[in-house]
Amino acid sequence: MTYGHVDKETGEYVIERPDTPTPWINYLGEGVYGGIVSNTGGGYSFYKDPKNRRVTRYRYNAVPDDQPGRYVYLQDRSSGEYWSPTWQPVKEDVDDYECRHGPGYTTIESKYDGIAAEMTYFVPLGEDCELWVLDVENVGEGTRQLGAFSYVEFSFPDALADQTNLDWTGQIMRARVDEESGVIEAYSSAEEISYTHATSAEVVGFDTQRREFVGQYGSLEEPAVLEAGAARNSQATHDNVIGSFEHDLELEPGESERIVFMTAPERDDDRIAKYDDPSVIESEFEALQAEWDDYLSTLQVETPDAEMNTMLNVWNPIQCRSTLYWSRTASRYQAGLGRGMGTRDSSQDTLSIVHAVPDQVRETLEMLWKLQFPDGHAWHQVYPLSGEGDAGLATEDPSKPQWFSDDHLFLVLGTVQYLKETGDYDFLEADIPFEDGSTGTVREHIERAIEFTDEHRGTHGLPRMGYADWNDSLNPDDGSGEAASVMVAMMYCRVLKEVADLYEFLGEDDRAAELRTQRAEESERIDDHAWDGEWYTRAYDDDGRVIGSASEDYQQISLNTQTWAALGGLDDERAERAMESAHERLNTEYGFALLDPPWEGEGTIDRIGGTTTYPPGAKENGGIFCHAHTWSVVAAGLLGDGERAHQYYRQLLPLAHDDVADLRRVEPYVYCQNVLGPAHEEFGVAKNSWLTGTASWAYVGATQYLLGVRPTFDGLVIDPTIPAEWDGFEMEREFRGATYEIAVENPDGVESGVASVEVDGEKVDGDVVPAFEDGGSHEVRVVMG
Ligand code: GLC
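Residues numbered from 1 in each chain as written. Predicted model: local features only at pLDDT ≥ 70, side-chain atom pairs only at ≥ 80, totals over all residues. Heavy atoms only, no water.

Caption draft 1: Just a negative patch on the surface, in detail. A cluster of acidic residues, Glu302, Glu730, Glu732, Glu741, Asp760, Glu762, Asp774 and Glu779, forms a negative patch at the surface. The topology assignment puts Glu762 in strand β41 (residues 762–764). (Patch = residues over 30% accessible without salt bridge, like charges linked within 9 Å, V, L, I, M, F, W, Y side chains within 5 Å. Areas by Shrake-Rupley, 256 points an atom, 1.4 Å probe, with all protein chains shown as cover. Salt bridge = Lys/Arg side-chain N within 4 Å of Asp/Glu carboxyl O. Lys, Arg positive; Asp, Glu negative; His and termini not counted. Charge placed at Lys NZ, Arg CZ, Asp CG, Glu CD. Helix = DSSP H or I, 4+ residues; strand = E, 2+ residues; numbered from the N terminus.)

Shown next, in the form of structure tokens:
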């Protein structure tokens, strides 16, 4: 069954029925105040930090699912019948239900018994508050008397305490209606908070105590206040605090009324007064849309693949923004209680978005570089509110190394990408503290990162594993000094090449040459020790025993070292063979399994670690790990295989899965982190949507390696790898303040290769279009062949 479609005009994803296989959500806000909202109004809000500044409450893993949310109940005053225009929580059989998720907003509308109602949720630009705009229209006959009741359930700011220390939080959270302004204010005697809920309409009743609104044994589906048809005017002196206003609506046939509800993490009377006037809503909403249009317009494509176009023009960049804002903290799968931002994760998140928000990326990189120790490795995790870091996952097992072998390398890759995109080479000389307070320039930070990997080596001289590399659950390093990562060796090759290219561009040929020598040595070590015959091995354990070899029973082949062979620029023939082996052994209709065969048996296998806690086919144990899959698009692009690049791209493409939504369950407009793999009983079920590095790399893979337009130190390389049957494509892209209108033609039906490039009518040698940095617009015509 399909549950929705893309609106071709607006790019919105339109959900046509409320009972989606899982709640299909959207993000509100621009990284400061915001939250998640589902297609039935479920979700919650937070301010700056989902863990320490939680504003409204959400019950994860609860029955019923996806509650509470931002609700309104409508009631027919004469019959007493009531319903929710967003379907939840009453779940009455509404007609003409439709939910539209768009950039920064969600609209849910439905009809019931002659009343059409529409709720639009959004966070106005630059404001720390959310608006729920309710439009109610009498589309039936006869005058209607209606009641409208809002409902928001406040959380204690410390979201963990809100769930674990109910006596404390339940004593000190209180709520009241401020008599003068009529605003509901949730406050506490211990912390300085004043969460507010306000309304633009005349109030006939209110509630602030959940027990009174819902009834001790009532439910959000059948709350006591709606059963009675009147608010109880409760003032919450303790327990669970809510905000609810009751309104009267009298509507003649054809008449409609708008009520604007506002929820905010801080009381601000001017703001409340502003939204008292519903007519400001249109301009606020337009301003928000204009800001998103600006963001999205920085790169737009027109290819023969319509679903790819919608993903690249709308949904993929929306998701990339959410991952940059919220890293892996708050989604339907991450309860916003634990993890801060990952050094590795956020470094990768910057890759897809740097052309659109370079300043924000620079800030992110500065924050992350501060987590680097003088020896070159970096904290694994950072808490953006305090700027403090820690070893993240590694702290769960203090007997293992408390560092990861890849964090600092991803930081270098993110930084070089920033330089290529912006040309801001002064950044290299910016002073940034190390973790111990000493200071170094960005260039020094990069050098220390390189040094750390160079100085920490295991079996065969390959980089030592540390707690893990990109794969958090590959933990063979118990301290003997043998455990090593082939993937990191390949990443290191890429880092060395990128930094050598940078130095060469800056005219520092000696250092560039040294790094190239180092790179050649690393690549030789990989070829001498990690080539398994048909593919590359994955790692070595603490006894120096191989992981990821045909000679073993489990995990004979791993995806990451086959893709990264191409990303690391290793021997072409082997890289091709490696990808061919991955294709044969690991590829499925929903993407590449991470390894094969998966580990089986009882308990954790110590020499491997976390991977072996998963059943076969789940997550890192042979699941389709979507983030890792995206590197197959990059690899196919680098190897010039356009058919495969596009095939792999589509295997993961959310919009290509509308018709298998019942199997996949997750939203078909954003990427998810993992799909149960072929060895699992429920192969194809997808999980953990929204906050995943898949978003960034899927975008980079498609725009830079499939469509092949990627920034370099002095221009834009245009080197597409596309299916032979494509006759071309177009891309409009911002680059260093100028707009490039790129038209690629493929008259001979090739998959890769560029025959000629013209810029503004003039022929250019090679495939690099210059960085004009002139604020102008430039026409680029590329003929493949
Ligand atoms: C999760 C983590 C990411 C890690 C991946 C593979 O997505 O957020 O940092 O690389 O799992 O283990």
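Caption draft 2: Geometry of the pattern of salt bridges. Scanning the model with the defined rule gives 64 salt bridges in all. With its nearest N and O atoms 2.8 Å apart, the salt bridge here joins Asp96 to Lys111. Of this pair, Asp96 sits in strand β9 (residues 95–102) while Lys111 sits in strand β10 (residues 105–112), placing them 15 residues apart in sequence. The partner of Glu745 in a salt bridge is Arg781, with the nearest N and O atoms 2.9 Å apart. Pair noted here: Glu745 is in strand β39 (residues 738–745) and Arg781 is in strand β43 (residues 777–784), with a separation of 36 residues, a long-range link. By relative accessible area, which is 29% here, Glu745 ends up partly exposed. Three or more residues joined by partner-sharing salt bridges are found here, namely Arg57, Arg59, Glu153, Asp162 and Arg210. (Buried < 20%, exposed > 50% of the residue type's maximum accessible area, 1.4 Å probe, protein only.)

Caption draft 3: Structural context of the site of the ligand. Surrounding the ligand, one finds nine residues, the nearest of these being Arg344, Asp345, Trp470, Glu620 and Gln673. Within the side chain of Glu620, an N or O atom sits 2.6 Å from an oxygen atom of the ligand. In the complex, 95% of the free accessible area of the ligand, which totals 310 Å², lies under the protein chains. In the shell around the ligand, the residues fall into two nonpolar, two polar and five charged. (Near = heavy atom within 4 Å. Polar contact = N/O pair within 3.5 Å; in protein donor to acceptor, adjacent residues only side chain to side chain. Nonpolar A, V, L, I, M, F, W, Y, C, P; charged D, E, K, R; others polar.)

Caption draft 4: Region of the structure containing the packing of helix α8 (residues 343–351) against helix α10 (residues 407–422). The contact between α8 and α10 brings their axes to 8 Å, and the two run at 20 degrees. Considering the angle they form, α8 stands roughly parallel to α10. As α8 runs across α10, the sense of the crossing is left-handed. Taken together, the residues of α10 that come into contact with α8 (itself represented by Thr343, Arg344, Ser347, Gln348, Thr350 and Leu351) are Asp407, Phe410, Leu411, Leu413, Gly414 and Gln417. (Axes fitted to C-alpha atoms, helices over the stretch in contact; angles between N-to-C directions. Parallel < 35°, antiparallel > 145°, perpendicular 65-115°, else oblique. Left-handed = near helix turned anticlockwise from the far one by under 90°. Contact = heavy atoms within 4.5 Å.)

Caption draft 5: Here's a closer look at the pairing of strand β34 (residues 672–675). In this sheet, β34 lies alongside strand β33 (residues 624–625) in antiparallel orientation, the contact comprising two bridges. Bridge pairing in β34 places Ile624 opposite Val675. Note: β34 against strand β35 (residues 686–689), three bridges, orientation antiparallel. Bridge pairing links Val675 to Ala686 in β35. (Pairing = 2+ DSSP bridges.)

Caption draft 6: Molecular detail of the sheet that holds strand β3 (residues 25–29). Spatial strand order, β3-β4-β5-β6: four strands in an open sheet with antiparallel pairing. The outermost strands of the open sheet, each flanked by one partner alone, are β3 and β6 (49–54). Here the strands of the sheet are splayed against their neighbours by 35 degrees on average, with no regard to which way each runs. Bridge count for strand β4 (residues 33–38) against strand β5 (residues 43–47) is five bridges, and the pairing is antiparallel.

Read these as geometric descriptors, not functional statements.
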